[in-house]
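# Chains, contacts and geometry: an overview
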Amino acid sequence: MIRLGLPAIVLLIGTAWLAWSSYRRAVSAERALAELHAEHRALLQEARALERAVAAAEQGLRTLSSHPSVPRDVAVTADLTLADVRRLAEDNKELDD
């Protein structure tokens, strides 16, 4: 009886330990995934804010370059800067895809 009971108890304890450790790993993975999703949402919000800032800067540069009181060399520099901002924004979109 002891010979059959001891392996059964060891097997039961081992199975319980395996189930508990698997549960703890699953809980830990779920928590890590929730943190990752929160960071992802925060980064998306930051990216959208930066996109709005770039759009506002583009509009400001467009207004600056078209204003009659702005010297021609400043207007050309503003246009070049606007093109650079567009190129950088397009490069960033390619990285996201």
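Since we're looking at a predicted model, the values are computed, not measured.

What counts, and at which threshold
- Residues numbered from 1 in each chain as written.
- Predicted model: local features only at pLDDT ≥ 70, side-chain atom pairs only at ≥ 80, totals over all residues.
- Heavy atoms only, no water.
- Helix = DSSP H or I, 4+ residues; strand = E, 2+ residues; numbered from the N terminus.
- Buried < 20%, exposed > 50% of the residue type's maximum accessible area, 1.4 Å probe, protein only.
- Areas by Shrake-Rupley, 256 points an atom, 1.4 Å probe, with all protein chains shown as cover.
- Phe/Tyr/Trp six-rings, centres within 6.5 Å; stacked < 30°, edge-to-face > 60°.
- UniProt positions renumbered as here; feature names shortened; annotations may be inferred.

## A word on the overall build of the chain
The number of helices and strands found in the chain is two helices and zero strands. Put simply, the chain has 97 residues, and 9% of those count as buried. Of the roughly 8400 Å² that the chain leaves accessible, carbon and sulfur atoms contribute 65%.

## A word on the packing of aromatic side chains
Applying the stated criterion across every chain, the model contains one aromatic pair. Taken together, a centroid distance of 5.6 Å and an interplanar angle of 35° make the contact between W20 and Y23 tilted. Taken together, the residues span about one helical turn, with W20 and Y23 both in helix α1 (residues 2-66) at a distance of three residues.

## What to know about the UniProt feature "coiled-coil region" (unreviewed entry) in the chain
Here the UniProt-annotated "coiled-coil region" (unreviewed entry) positions come out as residues 26-60. Secondary structure within residues 26-60 divides into 100% helix and 0% strand; the distance between the first and last C-alpha atoms comes to 51 Å.

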